[in-house]
Protein chains: 2
Amino acid sequence: MQARSSRAPAHSVCVVGSVALDSLETPRGSVRDVLGGSCTYFSIAASYFAPVNMVAVVGSDFPAHELEFLASRGINLDGLETVEGKTFRWAGRYHEDLNLRDTLDLQLNVFGAFQPKLPDSYRDSELMFLANIQPSLQARVLSQLRNVKLVGADTIDHWIRAERDALVALLPSVHVLSINDAEAMLLSGERNVVAAARRILDMGPATLLVKRGEYGALQFAADDVFAVPAYPLENVVDPTGAGDCFAGGMFGSLAEAKSFDRKALRRAIVYGSVLASFCVEDFGPNRLRTLSRDDVERRFRHFMALTDFHG
Amino acid sequence: MQARSSRAPAHSVCVVGSVALDSLETPRGSVRDVLGGSCTYFSIAASYFAPVNMVAVVGSDFPAHELEFLASRGINLDGLETVEGKTFRWAGRYHEDLNLRDTLDLQLNVFGAFQPKLPDSYRDSELMFLANIQPSLQARVLSQLRNVKLVGADTIDHWIRAERDALVALLPSVHVLSINDAEAMLLSGERNVVAAARRILDMGPATLLVKRGEYGALQFAADDVFAVPAYPLENVVDPTGAGDCFAGGMFGSLAEAKSFDRKALRRAIVYGSVLASFCVEDFGPNRLRTLSRDDVERRFRHFMALTDFHG
């Protein structure tokens, strides 16, 4: 794997979510059964910064070379169960407007009976990210940690509608909620993003990250707002996984910094934007297969140049 | 008027465009015959920074107290013709999604025969802004200047469709084109904003400003990209004029700085964002009636805090 920073060891990040095989159609082409899932994208992105402990399930059909790829990124796979059967599959088609997509097919397969269990070696992870899965499973994972310092969570419109009570019950245990703008409106019942943020912060999380795709992201806390534009890209091939890479880059950076203060959070959000910007440049996580930490740092510096009007 | 900076005198900004009386319906309420028009919003916003020379036409029904308001902002009205008849009127209704609006009524009135003429005292203006009017009128005004150092222009989808040739003929004389993202796509024929910017820069302007409403703005030049988020606002009453205030704040700031280099342009774009953010807080230009330069500076500093991840 790529060398990480040579400073004192980073905190480790535990993540639970889906590992999938995706079939994707975008205006730039189509692919079948590529590596996908919220846990996958998060883990790869976070692995640029810190040790990652993955909790997920795959079927017996999951390609051995993809396990090798994840291991080559230094991702701990002790918590990745392999179960007889087929891996979770998702098929989607993006519109010319890449902000819109249709689900063509969804097969839960072995994911349908997933009961996440943390290996003992994971229980001291300092950071936990509850990537997009059923809120009750997110809560079950969280209860298994002994020493967690920062809890992040993502969710989607489906859970906000179908399991609102379980989600709302989880929120007081979440420090950083990471959702997109449509989800923030749905969860809050508001139409304005600032009003939505105020309501959601009242529900528990100290920090809300609102992801706005090609328009960037907003981070809200009780006494602070941070806005970051997205990196302007001409070559957008496939948006799948961008939000998970954002969260992975962010939590990886926080684990590396071992600090969750205002400055560390803002830098982490920019690293999240950087990872998301690389993710969309190829199908699935393919761009990340060759991406180096140096590439990440170079784009971080581009972000500084892109947004600087201070000096 | 408000005191401007006590530094050496700023350049002056000449602007041609519409002065109107607008009737507006937004989810927050409705108003009739409020001060409107691209030239009006631009002039008020620019007047916080530099002397403004306005070129426009109104009818004999135009309220005297609005002329007094404009004069109180230090705006030179020598080029504001008053013609027997009615002032240009526009009526519009905004959707719950404030990015969408319908034109309910449009009466050109005295604006229909507008032939802009620059008073001799305007001809040495160093900055010229061609606010949204017919491209052939924009060209006519430009030809009357003797000493112009920086030319900006705005336009709308209507002129891109109906007078494309005249608009394209104007672009090589324009240094800064300021349009919104839908207009950039329409003008370029592209679907991606980076690709659109490349094509539009090839048509003449050295700098393209792409306004994205609540998502901020992007500035493109041959070798530079700058991204600024919009100021997150909970209280958005009426988006009318925000784009014109953006351009006015930007060109006013450039006139005050008497520099058009990279740093001055970036600061000017942030001042444009600041003026646009105030504009939408009340109907028409009403928020600007009581706004002070101190208020502007305070929000500029908030913008720095909002976007800073450097230190």
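Quick caveat: nothing in here was measured; it's all calculated off a predicted structure.

## What about the relation of the copies chain A and chain B?
Move 1: When chain A is fitted to chain B, the best match, at an RMSD of 0.0 Å, comes from turning it 180 degrees and sliding it 0.0 Å along the axis. This pairing of chains is accounted for by a two-fold axis.

## Here we look at the packing of helix 9 (residues 262–279) of chain A against helix 10 (residues 293–307) of chain A
Residues and elements named next belong to chain A.
Move 1: For the pair helix 9 and helix 10, interaxial distance at closest approach is 9 Å and the crossing angle is 115 degrees. When the axis of helix 9 is compared with that of helix 10, the two are roughly perpendicular. For the pair helix 9 and helix 10, the crossing hand works out as right-handed. In this structure, helix 9 uses R267, V270, Y271, S273, V274, L275, S277 and F278 to contact helix 10, whose residues at the interface are R293, D295, V296, E297, R299, F300 and F303.
Move 2: Of the residues contributing to the contact of helix 9 with helix 10, the split by class is eight nonpolar, two polar and five charged.

## Focus: helix 3 (residues 135–142) of chain B
Residue and element names in this part refer to chain B.
Move 1: Taken as a whole, helix 3 has its buried residues at P135, L137, Q138, V141 and L142. The buried residues of helix 3 occupy an angular sector of 160 degrees when projected down its axis, which confines them to one face.
Move 2: Contacts made by the buried residues of helix 3 are with strand 1 (13–16), strand 8 (127–130), strand 9 (150–154), helix 4 (157–162) and helix 5 (164–170).

## Some words on the sheet that holds strand 13 (residues 224–228) of chain B
Residue and element names in this part refer to chain B.
Move 1: Taken together, the nine strands give an open sheet; going across it, the order is 5-4-1-8-9-10-11-12-13, and neighbouring strands pair in mixed fashion. Across the chains shown, the open sheet's two edge strands, defined by having one partner strand only, are strand 5 (75–83) and strand 13. Sheet twist, expressed as the average angle between the axes of neighbouring strands with direction ignored, equals 15 degrees.
Move 2: Here five bridges tie strand 10 (residues 176–180) to strand 11 (residues 207–211), and the two strands are oriented parallel to one another. Opposite N180, over in strand 11, you have K211 as the bridge partner.
Move 3: Contacting strand 1, strand 8, strand 9, strand 10, strand 11 and strand 12 (217–221), helix 8 (residues 242–257) crosses the sheet at an angle of about 170 degrees to strand 8.
Move 4: Sitting on the sheet, helix 9 (residues 262–279) is in contact with strand 11, strand 12 and strand 13, with an inclination near 25 degrees to strand 13.

## Concerning the interface of chain A and chain B
Many structure descriptions define interface size as the accessible area lost when the parts assemble.
Move 1: Taken together, the contacts link 34 residues of chain A with 34 residues of chain B.
Move 2: Taken together, the links from chain A to chain B amount to six salt bridges.
Move 3: Where chain A touches chain B, the interface holds 15 residue pairs in polar contact (both at pLDDT 80 or more).
Move 4: Broken down by secondary-structure element, the contributors of at least two residues to the side of chain A that touches chain B are helix 7 (193–202), strand 13 (224–228), helix 9 and helix 10 of chain A.
Move 5: Looking at the side of chain A that touches chain B element by element, the count peaks at six residues for helix 10 of chain A.

## With respect to the side chain of B:S12
Move 1: Mapped onto the elements of the fold, B:S12 is located in the segment before strand 1.
Move 2: Every residue in contact with B:S12, bar those within four places of it in the chain, is listed here: B:P51, B:N53, B:S125, B:E126 and B:L127.

## Observations concerning the packing of aromatic side chains
By convention here, two paired aromatic rings are described through the distance between centres and the angle between planes.
Move 1: This model, assessed by the stated rule, comprises 21 aromatic pairs over all chains.
Move 2: A centroid spacing of 6.3 Å and a plane angle of 70 degrees characterise the contact between A:F309 and B:F226, whose relative ring orientation is edge-to-face. In this pair, A:F309 sits in the segment after helix 10 while B:F226 sits in strand 13, so the two residues belong to two different chains.
Move 3: Through a chain of ring-to-ring contacts, the aromatic side chains of A:F49, A:F226, A:Y271, A:F300 and B:F309 assemble into a single cluster.
Move 4: Over the aromatic face of A:Y48 sits the side chain of A:R73, whose NZ or CZ is 3.8 Å from the ring centroid.

## Points about the confidence of the model for chain A
Move 1: On average, residues of chain A carry a pLDDT of 95, and 97% of them reach 70 or more.
Move 2: For this predicted complex, the interface confidence reaches an ipTM of 0.92, while the overall pTM sits at 0.94.

## A word on the pattern of salt bridges
Move 1: Scanning the entire structure with this criterion turns up 40 salt bridges over all chains.
Move 2: Put simply, A:R287 and A:E281 hold a salt bridge, and the shortest N to O gap is 3.2 Å.
Move 3: Classification of A:E281 as buried rests on a relative accessible area of 16%.
Move 4: For the salt bridge of B:R266 with B:D224, the shortest nitrogen-to-oxygen distance reads 3.2 Å. Within this pair, whereas B:R266 is found in helix 9, its partner B:D224 is found in strand 13, the two being separated by 42 residues in sequence.

## A short note on the environment of B:E190
Residue and element names in this part refer to chain B.
Move 1: Tracing the backbone shows E190 in the loop between helix 6 (181–188) and helix 7 (193–202).
Move 2: Given the relative accessible area of 22%, E190 is considered partly exposed.
Move 3: In this structure, E190 is in contact with M185, A195, A196 and R199, ignoring residues within four places of it in sequence.
Move 4: Within polar-contact distance, the side chain of E190 engages the side chain of R199 at 2.5 Å.

## Details of helix 6 (residues 181–188) of chain A
Quick reminder: α-helices carry 3.6 residues per turn. Residues three or four places apart thus point the same way.
Residues and elements named next belong to chain A.
Move 1: Residues E183, A184, L187 and S188 constitute the buried set of helix 6. Down the axis of helix 6, the buried set is contained in an arc of 120 degrees. They therefore lie on one face.
Move 2: Buried residues in helix 6 make contact with helix 4 (157–162), helix 5 (164–170), strand 10 (176–180), helix 7 and strand 11 (207–211).
Move 3: Where helix 6 begins, the capping side chain belongs to N180, and its oxygen is found 3.1 Å from the backbone nitrogen of A182.
Move 4: Just downstream of helix 6 lies G189, where phi reads positive at about 75 degrees.

## Some thoughts on unusual backbone geometry
Residue and element names in this part refer to chain A.
Move 1: The phi dihedral of N109 falls on the positive side, at around 50 degrees, and the residue is not glycine.
Move 2: If you trace the backbone, N109 turns up in the loop between strand 7 (101–107) and strand 8 (127–130).
Move 3: Taking relative accessible area as the criterion, N109 reaches 31% and is therefore assigned partly exposed.

## Concerning the pairing of strand 1 of chain B
Regular strands show a simple pattern: their side chains alternate between the two faces of the sheet.
All names here are of chain B.
Move 1: Of the two faces of strand 1, the one carrying V13 and V15 and the one carrying C14 and V16 are both buried.
Move 2: Alignment of strand 1 against strand 4 (residues 52–59), held across four bridges, turns out to be parallel. Residue pairing in the sheet places C14 in a bridge with N53 of strand 4.
Move 3: Pairing analysis gives four bridges linking strand 1 to strand 8, with the strands arranged parallel. By the bridge assignment for strand 8, V13 is matched with L127.

## Section: the pairing of strand 7 of chain A
All names here are of chain A.
Move 1: As judged from the six bridges shared by strand 6 (residues 89–94) and strand 7, these two strands associate in the antiparallel manner. Each residue of the ladder has a partner; that of A91, found in strand 7, is D105.
Move 2: Between strand 6 and strand 7, which follow one another and run antiparallel, lie six residues.

## What to know about the state of the cysteines
All names here are of chain A.
Move 1: For the coordinates displayed, the defined rule picks out zero disulfides over all chains.
Move 2: Sulfur of C14: no disulfide; nearest cysteine sulfur belongs to C39 and is 8.3 Å away.
Move 3: In this model C279 remains outside any disulfide bridge; the closest cysteine sulfur is found in C245, 3.7 Å from its own.

Analysis parameters
Position numbers for residues start from 1 in each chain and track the written sequence from start to end. Chain letters start at A and ligand numbers start at 1, both assigned in the order the entries are written. Predicted model: local features are reported for residues with pLDDT of at least 70 only, side-chain atom pairs are reported and counted for 80 or more only, and whole-chain, interface and lining totals are derived from all residues. Side-chain calculation: all heavy atoms of the structure are included, whereas hydrogens and water are not. The copies were overlaid with a least-squares fit restricted to C-alpha atoms from residues scoring a pLDDT of at least 70 in each copy. Structural elements are reduced to axes, namely lines fitted to C-alpha atoms, with helices fitted over the stretch in contact, and the angle between N-to-C directions of any two is expressed from 0 to 180 degrees. To qualify as a helix, a DSSP run of H or I must reach at least 4 residues; to qualify as a strand, a run of E must reach at least 2; elements of each kind are numbered from the N terminus. Small angles under 35 degrees read as roughly parallel and large ones over 145 as roughly antiparallel, with 65 to 115 read as roughly perpendicular and the rest as oblique. Left-handed is the label given to a crossing in which the near helix is rotated counterclockwise from the far helix by less than a right angle, and right-handed is the label when the rotation is clockwise. Contact definition: two residues touch when any of their heavy atoms are within 4.5 Å. Gly counts as polar in this scheme, as do all residues outside two lists: the nonpolar Ala, Val, Leu, Ile, Met, Phe, Trp, Tyr, Cys and Pro, and the charged Asp, Glu, Lys and Arg. In this scheme, a residue with accessible area under 20% of its type's maximum is buried, one over 50% is exposed, and one in between is partly exposed, where area comes from a 1.4 Å probe on protein chains only. By arc we mean the arc of the directions from the helix axis to the C-beta atoms, nothing more. Pairing between two strands requires that DSSP report at least two bridges joining them. Any Lys or Arg side-chain nitrogen found within 4 Å of a carboxyl oxygen on Asp or Glu counts as a salt bridge. Side-chain atoms alone can form a polar contact between residues adjacent in sequence; in general such a contact is a pair of N or O atoms within 3.5 Å, and within protein one must be able to donate a hydrogen while the other accepts it. Note on ring pairs: Phe, Tyr and Trp rings are taken, using the six-membered ring of Trp, and paired if centres are within 6.5 Å. Classes follow the plane angle, with under 30 degrees stacked, over 60 edge-to-face and the rest tilted. Counted as over-ring charges are cases with an Arg CZ or a Lys NZ within 6 Å of the ring centre that also lie within 35 degrees of the ring normal. Each residue carries a pLDDT score, the predictor's own confidence in it, on a scale running from 0 to 100. Here, a disulfide means two cysteine sulfur atoms that sit within 2.5 Å of each other.

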